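Below, each chain spelled out in residue letters.
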Amino acid sequence: MTATTVVDQVDLGDHVCWIHDDDGDALDTVGRFAATGLRRGHKVVCFTETSTPQAVRARVDAVGVPTEAAVAAGQLRILPAVEAFLAGGRPTPAAMAEAVRDEVTRARREGYPGIRLSGDMTWVLRSAVSLDDLRRYEQALNPLFPDGRVAGLCLYDRRRFPAEQLRILAAAHPGTAGPRPPRTWSPLLRAYRTGDPPGLRLVGQVDRSNRDAFIALLADLTAGERAPAGPPVLDLTDMSFADAGAATELARADRASHTGIRLVGCRPALHRLLHVLGGVTSGAPA
């Protein structure tokens, strides 16, 4: 299974850091990601840099999904990233995230069941966006995904971004794929918003590699405007692993929240860690 076919495992609800080291592979990946979205009736927006919009469109056509009607209908938009993010001058993390939120809101208003967004992040290297700005932008996007209507693919070229920078940026995504990912790859963490009871259900693992994304999800869970009458519920039934750093962040979020967090399905190891840290209401370990 190639990296291009592995991208089929990115679904609505996923925010993925896609690390590559070949322009052709990156173009193939975006083309397949976009084609899958069009086949499923999603809106697709591609922010380009290394490849031209024309090249991306040609690659989608080559996958077997004609783009002419989709472009005419507005279902497919392909534009240089600088047009989206630099039109107003030096972008801030908040302004960059708002540009993405606007795309999501527009797709919902237009009646699409979902939207797929891909971004070639090489554009930031010729902008005034700092590494910390970029990290905070990626982190700020995470609350968009648990509703299961958005898929995000952020492409980073490891030939252009040093390894330590990539480690920092990857941690702002729930899942990361490296060049030539294994056929069994899937995002390390997936989050789903729940309505009854209000909260989040987490599936997978949290460790250093995705901790900033986890922090962003916790912040959204405990945000005042989202808080229900009682504490929001964090369902960890399908969490297979959470390291000590994740437990520390969970206890910190619980203490900072007006209502606290109620855990469901907490595994024994995490239950013991949280007990030591003195935070978070949970029932018996799962």
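See above for the structure.
Figured I'd write up the structure that's included with this text. The structure displayed is predicted, hence computed values, not measured ones. (Residues numbered from 1 in each chain as written. Predicted model: local features only at pLDDT ≥ 70, side-chain atom pairs only at ≥ 80, totals over all residues. Heavy atoms only, no water.)

### A short note on the overall build of the protein chain
Here is step 1 of the chain: Helix and strand counts for the protein chain come out as eleven helices and eleven strands.
Here is step 2 of the chain: Here the C-alpha radius of gyration of the protein chain, 19 Å, is about what a compact globule of 286 residues would show, namely 19 Å.
Here is step 3 of the chain: With respect to the three principal axes, the spread of C-alpha positions in the protein chain is 55 × 40 × 40 Å.
Here is step 4 of the chain: Put simply, 75% of the contacts in the protein chain that link residues at least 6 apart link residues at least 24 apart.
Here is step 5 of the chain: Total accessible area on the protein chain is roughly 12,400 Å²; 52% of this is exposed by carbon and sulfur atoms.
Here is step 6 of the chain: A distance of 2 Å separates the average location of the 34 positive side-chain charges in the protein chain from that of its 33 negative side-chain charges. (Helix = DSSP H or I, 4+ residues; strand = E, 2+ residues; numbered from the N terminus. Rg over C-alpha atoms; globule rule 2.2 N^0.38 Å. Contact = heavy atoms within 4.5 Å. Areas by Shrake-Rupley, 256 points an atom, 1.4 Å probe, with all protein chains shown as cover. Lys, Arg positive; Asp, Glu negative; His and termini not counted. Charge placed at Lys NZ, Arg CZ, Asp CG, Glu CD.)

### A look at the nonpolar core
Here is step 1 of the chain: By size, the foremost hydrophobic cluster in this structure holds 32 residues, and its most contacted members are Phe 85, Leu 117, Met 121, Trp 123, Leu 134, Tyr 137 and Tyr 156.
Here is step 2 of the chain: Looking at this core, the elements that each hand over two or more residues are β1 (15–20), β2 (43–48), α5 (81–85), α6 (93–109), β4 (115–120), α7 (131–141), β5 (150–157) and α8 (163–170).
Here is step 3 of the chain: Looking at this core element by element, the count peaks at five residues for α6.
Here is step 4 of the chain: With near-sequence residues (within four places) excluded, Tyr 137 lies in contact with Phe 85, Pro 93, Met 96, Ala 97, Val 100 and Met 121. (Core = buried A, V, L, I, M, F, W, Y, C linked by side-chain atoms within 4.5 Å. Buried < 20%, exposed > 50% of the residue type's maximum accessible area, 1.4 Å probe, protein only.)

### A short note on the packing of helix α10 (residues 244–256) against helix α11 (residues 268–277)
Here is step 1 of the chain: It is the contact of α10 with α11, at a shortest axis distance of 9 Å, that shows an interaxial angle of 50°. It follows from the interaxial angle that α10 and α11 lie oblique. Considering the relative orientation of α10 and α11, their crossing is right-handed. Between α10 and α11, the residues in contact are Ala 244, Ala 247, Thr 248, Leu 250, Ala 251 and Arg 255 and Leu 270, Leu 273, Leu 274 and Leu 277, respectively. (Axes fitted to C-alpha atoms, helices over the stretch in contact; angles between N-to-C directions. Parallel < 35°, antiparallel > 145°, perpendicular 65-115°, else oblique. Left-handed = near helix turned anticlockwise from the far one by under 90°.)

### What about the pairing of β4?
Here is step 1 of the chain: Buried residues dominate β4, accounting for six of its six residues.
Here is step 2 of the chain: Bridge count between β2 and β4: five bridges; the pairing is parallel. Bridge assignment links Val 45 to a residue of β4, and that residue is Leu 117.
Here is step 3 of the chain: Direction of pairing for β4 relative to β5: parallel, over a ladder of six bridges. Each bridged residue has a counterpart across the sheet, and for Arg 116 the counterpart in β5 is Ala 151.
Here is step 4 of the chain: The parallel pair β4 and β5 is bridged by α7, and the resulting crossover is right-handed. (Pairing = 2+ DSSP bridges. Right-handed = clockwise from strand over helix to strand, strands pointing away.)

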